[in-house]
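# Structural description and commentary
Listed below are the residues making up each chain.
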Amino acid sequence: MANDENAGFTLPRGATGFFRPKDGPLPEIDLRALRTALYAAARAAGGKVGEVEEQTYPRTFHTASIVDGTGERIILSHAYHPWIAFAQERRDWYTEQFLAPPPWAHSFAHVGFMVLRREQLTMPLSNVDTSVLTQGEWREVRFYGITTLGGVLFNAWD
């Protein structure tokens, strides 16, 4: 759980979905931008937007799908930071169940989202700059046995 300058990813405040009232509210992604990206991605995939489920406590992410000729792709959008990930199925939290971004994932980058690769999401926390995490967040990480970046970002801790 390194905090060195060589870390592969730096967690910003709010990455876990937890916040301290004294620090103020967490940022929120623009849901209109997410919907715009979803429809652009569906067009690029030759498919359609499926169900869109907005984030509810305690989840840290919105869930959507795009359905095309090859089936349904699940899109995860972090609720507080503009991160996009892909998964095979809908779940309340993820650890390593991420997929590589499909070819049409660039549609999200065009409107300001960062598409995370499977390799990033399954990266061990030892390769992540976790210096921003509070003691309470570390307690949750240990309690839930989280060992990957994706597990920290796409969770439903309580």
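That block above? That's the structure.
Let me sum up the structure you'll find in this document. (Residues numbered from 1 in each chain as written. Predicted model: local features only at pLDDT ≥ 70, side-chain atom pairs only at ≥ 80, totals over all residues. Heavy atoms only, no water.)

## So, the overall build of the protein chain
- Counting its secondary structure elements, the protein chain contains five helices and eight strands.
- Ordering the α and β elements of the protein chain from the N terminus gives β-α-β-β-β-β-β-α-β-α-β-α-α.
- The C-alpha radius of gyration of the protein chain comes to 15 Å, within 12% of the 15 Å expected for a compact globule of 158 residues.
- Dimensions of the protein chain along its principal axes, counting C-alpha atoms only, are 45 × 30 × 25 Å.
- When burial is assessed residue by residue, the protein chain has 46% of its 158 residues classed as buried.
- Here the analysis covers contacts within the protein chain between residues at least 6 apart in sequence; of these, 58% occur between residues at least 24 apart.
- Charged side chains of the protein chain number 15 positive and 18 negative; the gap between the two group centres comes to 3 Å. (Helix = DSSP H or I, 4+ residues; strand = E, 2+ residues; numbered from the N terminus. Rg over C-alpha atoms; globule rule 2.2 N^0.38 Å. Buried < 20%, exposed > 50% of the residue type's maximum accessible area, 1.4 Å probe, protein only. Contact = heavy atoms within 4.5 Å. Lys, Arg positive; Asp, Glu negative; His and termini not counted. Charge placed at Lys NZ, Arg CZ, Asp CG, Glu CD.)

## Brief notes about helix H4 (residues 135-144)
- Here H4 has its buried residues at Glu137, Trp138, Glu140 and Val141. Down the axis of H4, the buried side of the element spans an arc of 155°, and every buried residue falls inside it. Turned more than 90 degrees away from the buried face of H4 sit Gln135, Arg139, Arg142 and Phe143, all of them exposed.
- At its buried positions, H4 is contacted by helix H5 (149-153).
- One or two steps after H4, the chain reaches Gly145, where phi turns positive at roughly 65°. (Arc of directions from axis to C-beta.)

## Some thoughts on the environment of Asn155
- Position of Asn155 relative to the elements: it lies in the segment after H5.
- Assessed through its relative accessible area of 0%, Asn155 is described here as buried.
- Each C-alpha atom of the pair Asn155 and Ala64 lies 16 Å from the other, and the pair is 91 residues apart in sequence.
- Every residue in contact with Asn155, bar those within four places of it in the chain, is listed here: Thr16, Pro58, Arg59, Thr60, Phe61, Asp92 and Trp93.
- A polar side-chain atom of Asn155 sits 2.7 Å from the main-chain carbonyl oxygen of Val152.
- Here Trp157 takes part through its backbone nitrogen, which lies 3.1 Å from a polar atom of the side chain of Asn155. (Polar contact = N/O pair within 3.5 Å; in protein donor to acceptor, adjacent residues only side chain to side chain.)

## Focus: the pattern of salt bridges
- Under the definition given, this model contains five salt bridges.
- When the shortest N-O distance is used, the salt bridge between Arg35 and Glu54 registers 3.6 Å. Placement of the pair is Arg35 in helix H1 (residues 31-45) and Glu54 in the loop between strand E2 (48-53) and strand E3 (61-68), with a sequence separation of 19 residues.
- Here Glu53 and Arg59 are joined by a salt bridge, their closest N and O atoms 3.0 Å apart.
- Three or more residues are tied together by salt bridges with common partners; here these are Glu53, Arg59 and Arg90. (Salt bridge = Lys/Arg side-chain N within 4 Å of Asp/Glu carboxyl O.)

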